[in-house]
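Here's the letter readout for the chains.
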Amino acid sequence: MHAYISDLQAANACEIRFQEKLAPYTTWKIGGPADVFLIPENKEKLVETLRILHQHQVPWMVIGKGSNMLVSDKGVRGVVIKLGKMLDTLHFEDTLVYAGGAYSLIKLSVMTGKEGLTGLEFAGGIPGSVGGAVYMNAGAHSSDVSRILKQAEVLMSTGEVKILQGSDLEFAYRHSRLQREPGIVLEAVFQLEPGDRKEIAAALAANKDRRLRTQPLSAACAGSVFRNPVGTFAAKLIEEAGLKGLRVGGAEVSSLHANFIVNTGDATAEDVLTLIARIQDMILTQKGIKLVPEVLMVGEQ
Ligand code: FAD
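Rules used throughout
Residues numbered from 1 in each chain as written. Predicted model: local features only at pLDDT ≥ 70, side-chain atom pairs only at ≥ 80, totals over all residues. Heavy atoms only, no water. Salt bridge = Lys/Arg side-chain N within 4 Å of Asp/Glu carboxyl O. Buried < 20%, exposed > 50% of the residue type's maximum accessible area, 1.4 Å probe, protein only. Helix = DSSP H or I, 4+ residues; strand = E, 2+ residues; numbered from the N terminus. Near = heavy atom within 4 Å. Polar contact = N/O pair within 3.5 Å; in protein donor to acceptor, adjacent residues only side chain to side chain. Areas by Shrake-Rupley, 256 points an atom, 1.4 Å probe, with all protein chains shown as cover. Nonpolar A, V, L, I, M, F, W, Y, C, P; charged D, E, K, R; others polar. Arc of directions from axis to C-beta. Contact = heavy atoms within 4.5 Å. Expected span 1.5 Å × (residues − 1). Pairing = 2+ DSSP bridges. Axes fitted to C-alpha atoms, helices over the stretch in contact; angles between N-to-C directions. Phe/Tyr/Trp six-rings, centres within 6.5 Å; stacked < 30°, edge-to-face > 60°.

(A) Geometry of the pattern of salt bridges. According to the stated counting rule, one finds 13 salt bridges in the structure shown. Among the salt bridges present, the one from Glu-20 reaches Arg-17, with a minimum N-O distance of 2.9 Å. Residue Glu-20 is classed as buried on the basis of its relative accessible area, which comes to 16%. Of the charged contacts, one joins Glu-170 and Arg-180 as a salt bridge, the two residues approaching to 2.5 Å between their closest N and O atoms. Taken as a pair, Glu-170 in the loop between strand 12 (161-165) and strand 13 (183-191) and Arg-180 in the loop between strand 12 and strand 13 lie far apart in primary sequence, ten residues in all. Look at Arg-180 and you get exposed, because its relative accessible area is 53%. Three or more residues joined by partner-sharing salt bridges are found here, namely Glu-15, Arg-17 and Glu-20.

(B) Summary view of the site of the ligand. For the ligand, the set of nearby residues contains 34 residues, the closest of which are Val-62, Gly-64, Ser-67, Ser-129 and Gly-139. A distance of 2.6 Å separates a nitrogen atom of the ligand from a polar atom in the backbone of Gly-139. A distance of 3.3 Å separates an oxygen atom of the ligand from a polar atom in the side chain of Arg-174. Protein chains shield 94% of the accessible area of the ligand, which is 970 Å² for the free molecule. No other element matches helix 4 (residues 130-136), which puts five residues into the shell around the ligand. In terms of residue class, the shell around the ligand is made up of 17 nonpolar, 14 polar and three charged.

(C) Examining helix 3 (residues 105-114) more closely. Along helix 3, the residues that are buried comprise Leu-105, Leu-108, Ser-109, Thr-112 and Gly-113. On an axial view of helix 3, the arc spanned by its buried residues comes to 130°, and they lie on one face. Close packing links the buried residues of helix 3 with strand 6 (90-93), strand 7 (96-100), strand 8 (117-118), helix 4, strand 13 and helix 5 (197-214). The backbone nitrogen of Ile-106 lies 3.3 Å from a side-chain oxygen of the residue at the head of helix 3, namely Ser-104. Following helix 3 by one or two positions, Gly-116 has its phi on the positive side, about 80°.

(D) Here's a closer look at helix 5. Under the 1.5 Å per step criterion, the end-to-end length of helix 5 is 26 Å for 18 residues, consistent within 8% with the ideal 26 Å. What helix 5 keeps buried is the set Ile-200, Leu-204, Asn-207 and Arg-211. Taken around the axis of helix 5, the buried residues stretch over an arc of 65°, which confines them to a single face. Exposed residues on helix 5 whose side chains face more than 90 degrees from its buried face are Lys-198, Glu-199, Leu-212 and Arg-213. Looking at the packing, one finds that the buried side of helix 5 touches helix 3, strand 8 and strand 9 (139-140). The backbone nitrogen of Lys-198 has a side-chain oxygen 3.1 Å away, supplied by the residue at the start of helix 5, namely Asp-196.

(E) Representation of the side chain of Ser-254. Position of Ser-254 relative to the elements: it lies in the loop between strand 16 (251-253) and strand 17 (261-263). Within the local environment of Ser-254, its side chain forms a polar contact with the backbone nitrogen of His-257, the two atoms lying 3.1 Å apart.

(F) Main features of the environment of Thr-49. With respect to the element layout, Thr-49 can be found in helix 2 (residues 43-55). Residue classification places Thr-49 among the buried residues on the basis of a relative accessible area of 0%. Counting along the chain gives 35 residues from Thr-49 to Cys-14, while the straight-line C-alpha distance between them is 6.9 Å. In this structure, Thr-49 is in contact with Leu-8, Ala-13, Cys-14, Leu-38 and Pro-40, ignoring residues within four places of it in sequence.

(G) View of the sheet that holds strand 5 (residues 76-82). Taken together, the four strands give an open sheet; going across it, the order is 1-2-5-3, and neighbouring strands pair in mixed fashion. Edge strands, defined here as strands with exactly one partner in the open sheet, are strand 1 (14-21) and strand 3 (60-63). Between one strand axis and the next, the sheet turns through 30° on average, direction left out of account. In terms of strand pairing, strand 2 (residues 33-40) meets strand 5 through four bridges, oriented parallel. Its bridge partner lying in strand 5, Leu-38 is registered against Ile-81.

(H) The environment of Leu-284, seen in detail. Mapped onto the secondary structure, Leu-284 falls in helix 7 (residues 269-287). Setting aside anything within four residues of it in sequence, one finds Leu-284 in contact with Ile-289 and Lys-290.

(I) Quick look at the packing of aromatic side chains. Tallied over the full model, the rule gives one aromatic pair. Ring geometry for Tyr-25 versus Phe-37: centroids 4.7 Å apart, planes at 35°, classification tilted. Highlighted residues: Tyr-25 in the loop between strand 1 and strand 2 and Phe-37 in strand 2, separated in sequence by twelve residues. Here Tyr-25 and Phe-37 have matching classes, each one buried.

Interpretation in functional terms is not warranted from these geometric data alone.
Structure, rendered in structure tokens:
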């Protein structure tokens, strides 16, 4: 057994599972097992877990709600840390909102609206966690996390906890500093504005209604597969190329939203990757544009 496993056990730092299948932890319902799957019980134990992994120089990755990742069929060689209840916190201080890294973004948009705070209506249909949304600078409806994030409490890979200001996080389109410097968002602080509860609820309902009409929300998927190229939309290019309904194995370009790939039941990561490559080839040939995936490829290829 690896020495770090013995140390994690000795410190009682987290629940340890071996060969845990990752598919159920992702919205695409695809992916092989993680060699080692860690579930720390609380924030302190998460910090302890990371310190031990750092001491032993063990690489790790963290999974939030798994709504923006394609886990390979072979799975992850190494450690996956699952964030859950221990970071599922929420409290308000006037117009500041403190949300735990694992808190649901959809729930957050509803709860802040009920509190009469405006600014998070854009997040109403994004099925990720607060931490995943900071990592990705998630956005929709012409807004994104960068516009409202005041600061984040981040557990760095050394085990040190830092407060990073929004301006420190190098936000850009679906990008944050955490993509180059690993860290776990323990808590995010959002600066919202006082708003009208009814107007906020109406905006949330309108956004939800639009998503229900335009996105395959009852299917297993991971949202937009490709980033929007400058000046256009990936969905528009894929639709114009006539690729809706294109299928590889169990993976299919959604007929509702061309930038979504749905798992029709038994899709493998390989099916999705092949379909992604086909779409990229066809769009490059037809439009001269190289589409870049927004979803993250995780695990052993
Ligand atoms: P995961 O998929 O679990 O992880 C994504 C990345 O974030 C990984 O690298 C992971 O390590 C990292 N991460 C997760 N938690 C933390 C943490 N606490 N600290 C540090 N890093 C962390 N996205 C949009 O931007 N706009 C949309 O409109 C949108 N619509 C979607 C609609 C559907 C139906 C679906 C399925 C997805 C959609 N997405 C959208 C994609 C996705 O929901 C977002 O990218 C979301 O922010 C990912 O959060 P997550 O917790 O699921 O992250």
